Structures are given as C-alpha cells and as structure tokens.
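Listed here are the chains, written in short residue letters.
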Amino acid sequence: MGSIDKYIFRTTLASFAMVLVSLTGVIWITQALRGIDLMTSQGQTIITFLGITSLVIPALVLIISPIALMIAISHTLNKLATDSEIIVMNAAGFSPFRLFRPFFYATCAVAIMVAFIAAYLAPDGMRRIKQWDAEITADVLANILQPGRFAQLDQNLTIRIRERQPGGVLVGIFVDDRRDPKERVTIIADHGTVLKNEGGSFLILEDGNLERFEAGNRDPALVAFGRYAFDMSKFSNQGHDVTLGIRERYLWELLSPSSDDPVYQQLPGQFRAELHDRLMSPIYPFAFAALTFAFLGAPRTTRQSRNFSIGGSILAVFGLRIAGFACSVMTVKSPLAAVIQYLMLAAAIGASLWIIIWGVVVEPPAALMEAINRSNARLLRLFGRPATA
C-alpha cells in the first residue's frame, strides 16, 4: 500500500470510527433510557444497568456500520474533491478504479468486523442479556423487595417489608394476594426469609396471621401461624433452562439447527430469514462503498456541483437497504425473497464497478438541470433578489 493509499485508508477508517461511535452512542442512550426501570422498580445497581444495556451495542453496530462507512467514504471523497486532490491524482494517472483501491481495503476491514459481530458477538450479547435477565428475575425476592416500598410482583399481588436485616432476614412483612377472584388473602408476619431449593422459591414467613376473605362469606377466616411458606416460584427462573430466541443463536446454530428444536419447529421461516440476514451483513458494506464511490469518485472541478451526486448516493444506499429489509420480511414466508436480495446486492455492486472502471460521471440530464436553474431564477425574482450568473 503506497503513501496515498495509506492516507486515504487512514482518513476513511478514522471518519468511520467517529461516525460509528457517535451514531451508536446516540441510539444506545435512547435504548438505555427504556430500561431505566431496571434500577427504579427492580432495585438493581448502576453497574448492572450499564452492563445489561451495553450488551445491545454489538447489535446496534451491526446495523449502523454499513451506513457509517457510507458517510465516511462520502466525507473522504468530498474532502479530496474540495482540495482538488482527486483532479491532481487523475492527472497523475490515477484512474477512478485505482483510486477505489484504498476504499476497498477500508471496506474489507469493516466487512470483517461486521462478519464477526453477525456470527458471534451480537448473538452472544443478546444471549447474555436473556441469561442476566433470568438471573435478575430468579432473584426477584432479594432485589425487588425494598424496605418501606409496596412492590407489585404480579397483577393483584403486593408485598411490603419494613426492613432488611443481616443474614437475609426480612422484618415486618405484609402480603396482599388477590389473584384468585374467589378469595382475597392478607398475610402479616413478624419476619421471614427467602428459601430456594429444587422445588422453587418460597418466602418463609414466621410468627404471623393469615386472613382469608372468601366470596359469599361475610366474615373472614383468621389463622395464626408460627411458620408459613408462600410460594414464589412463578417469579423465579431457577431450575429452568433459558429458551434462546432466534436472535440469540450463533451463526453455526442457524446453519444447522437441531431437528428437535421446538423454536425451529415452530418458526422455520424466521430461522431462514435470520440466517440470510447474517450471511448478507458483510456484503452490505461492499455494496454501500461501491455505490457511494460510483456517485462521488469521478474527478470533478470545484466549479462543478456535487449536490446531485451526494443526494443520488444517499437515495441509492437507503433504497437498497429498505429493499433489503423488505426482502428479509418476505423471506419468512418465501425463500425466493432471499434470492432476490442476493441479486439486488450483486446488481448494485456490479453496476457500481462498471461505472467506476469506465470512469462514468453520474450527472443529472442537462434538461433537468436547466429546469432546476429556471425554477431557482424564478424564485429569486419572486423574492426580489437578482439571480447570479
């Protein structure tokens, strides 16, 4: 790689990193704010909150990377054109295809990163989120029950404790259970502890009273107890395997799913769509890079407007991405949609390479530009400003 190639390669990757970090950070903040109840309602620490929400970053990077690469290449080409460097390199014998080489190297680096994220890192992060969420749910009694707060664990089930003492002892326990429409159970206990075993999770209450109101009976039934076990297994995943969704599967698990996998048996179309999405993820950076360079890589003087080329590249890239999303949705029901998506990517890359190799300058038709200029002149006259020559 020559000095010019290194310069363009470094500039492109530096711009890519800056755009990627900026976009990912903004989107991550919006996603993280949705999980703020993890601290407020479930009593988790800030470390747990940041740990869980940060695991979604690889999935965000997987989607944002091709777009960030397109923006980085556009920025680099615009910088080279503004400084007339593309004109100078073209005069020195650099063809557009030769100039595309360092951008291709940068695209290869981004594609390798995207392939690794799609195959392992993104599903591993989603898998850890599900497992961590299961652990938090399994430890619901120790984390949600905060002293002095009424915690609603389920619809019509409220529990409150007065204080928490060393050794896991809960003092001043109040339970209001109205889940059964035929009766209402109210329990007040002096103290209790959380017990977890193979049978599930239980809140062991000691030295208390149980009051039961049955529908149709005027007087409640009052029972004093020395020890009472309140079943909380519904709110615990302890002893149960975590069922992995499709997005939590590694690439090799999507390539050869087990025939007795209940999720695969129920949703084979979604397995197929997710597999093709993962396989096409590293191809999108090449398509976006080729399209962007095809519109902006041709040598132009500083007096030639690049607005049409910039707008055309944006429309082409986002049109291809939206069409890809549509094909991914249709792949769930029809395998032919995946073939169409592969053909679209191949056509976009092939057409872009043809434009680059032959040095075609993508410009709007002269009639269209004349119509736009006449419209601009009319608007300028309308607002009392003379049109510049």
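All of these numbers come straight from a predicted model, not from anything done at the bench.

Peer 1: How would you explain the sheet that holds strand 5 (residues 200-214) if you had to name every residue and give the values?
Peer 2: With respect to topology, 6 strands assemble into an open sheet ordered 1-2-3-4-5-6, the strand pairing being antiparallel. Edge positions in the sheet fall to strand 1 (150-154) and strand 6 (221-231), since each has one partner strand and no second. Within the sheet, the average angular offset between the axes of one strand and its neighbour, ignoring direction, is 25°. For strand 4 (residues 183-197) and strand 5, the ladder comprises 14 bridges, and the chain directions are antiparallel. By the bridge assignment, His-191 is partnered in strand 5 with Glu-206.

Peer 1: Before we move on, could you go through the packing of aromatic side chains and cite the residues and values that matter?
Peer 2: Two numbers describe a pair of aromatic rings. These are the distance of the centres and the angle of the planes. Throughout the structure, instances matching the rule amount to 11 aromatic pairs. For the ring pair Phe-103 and Phe-293, a centre distance of 5.5 Å and an interplane angle of 55° mean the geometry is tilted. Highlighted residues: Phe-103 in helix 6 (residues 96-138) and Phe-293 in helix 11 (residues 283-296), separated in sequence by 190 residues. When sorted by exposure, Phe-103 lands in the same class as Phe-293, which is buried.

Peer 1: Explain a nonpolar patch on the surface to me, using residue names and the numbers behind them.
Peer 2: Side chains of Phe-116, Tyr-120, Leu-121, Trp-252, Leu-255 and Leu-279 sit close together on the surface and give an oily, nonpolar patch of about 560 Å² of accessible area. Of all the elements in the fold, those that place two or more residues in the nonpolar patch are helix 6 and helix 8 (251-255). Ranked by residues supplied to the nonpolar patch, first place goes to helix 6 with 3 residues. Position of Phe-116 among the secondary structure elements: in helix 6.

Peer 1: Any chance you could break down unusual backbone geometry for me, citing the residues and the numbers?
Peer 2: The phi angle at Ser-84 is positive, at roughly 60°, despite the residue not being glycine. Relative to the helices and strands, Ser-84 resides in the loop between helix 4 (57-82) and helix 5 (85-91). By relative accessible area, Ser-84 is classed as partly exposed at 28%.

Peer 1: Describe in detail the nonpolar core, supporting the description with residues and values.
Peer 2: When a protein is soluble and globular, its nonpolar side chains tend to lie buried together. Judged by nonpolar contacts, the single largest core of 37 residues is most densely connected at Phe-16, Leu-77, Phe-103 and Phe-293. Going through the elements one at a time, helix 1 (3-34), helix 4, helix 5, helix 6, helix 11 and helix 13 (336-357) are the ones with two or more residues in this core. If you tally residues by element for this core, the top one is helix 4, at 11 residues. Once residues lying within four places of it in the same chain are set aside, the contact partners of Phe-103 are Ile-8, Thr-12, Ile-73, Thr-76, Leu-77, Leu-80 and Phe-293. Judged by nonpolar contacts, the second largest core, of 18 residues, contains Ile-159, Leu-170, Leu-203 and Leu-205.

Rules used in this analysis
Residue indices begin from 1 for each chain and proceed along its sequence in written order. Restriction of local features to residues with pLDDT of at least 70 applies here, the model being predicted, together with a cutoff of 80 or more for giving and counting side-chain atom pairs; totals for whole chains, interfaces and linings are based on all residues. Values shown for side chains rest on all heavy atoms present in the structure; no hydrogens or waters enter the calculation. Pairing between strands is defined by DSSP: at least two bridges between them are needed. A run of H or I in DSSP becomes a helix once it reaches four residues, and a run of E becomes a strand once it reaches two; helices and strands are each numbered from the N terminus. For helices, the fitted line uses only the C-alpha atoms of the stretch in contact; every axis is such a line through C-alpha atoms, and the angle between N-to-C directions lies from 0 to 180 degrees. Only rings of Phe, Tyr and Trp enter the pairing, Trp through its six-membered ring, and a pair is recorded when the two centres are within 6.5 Å. The plane angle decides the type: under 30 degrees is stacked, over 60 is edge-to-face, the rest tilted. Residue exposure (1.4 Å probe, protein chains only): buried if accessible area is under 20% of the type maximum, exposed if over 50%, otherwise partly exposed. Think of a patch as exposed residues, more than 30% relative accessible area, with no salt bridge, where like charges cluster within 9 Å and nonpolar side chains (Val, Leu, Ile, Met, Phe, Trp, Tyr) cluster within 5 Å. What sets the accessible areas is the Shrake-Rupley method with a 1.4 Å probe; for residues, cover comes only from the shown protein chains. A side-chain nitrogen of Lys or Arg and a carboxyl oxygen of Asp or Glu constitute a salt bridge if their distance falls within 4 Å. For our purposes a nonpolar core is just a set of buried Ala, Val, Leu, Ile, Met, Phe, Trp, Tyr and Cys residues, chained together by side-chain atoms within 4.5 Å. Working rule for contacts: check all heavy atoms of both residues, and any pair within 4.5 Å makes them a contact.

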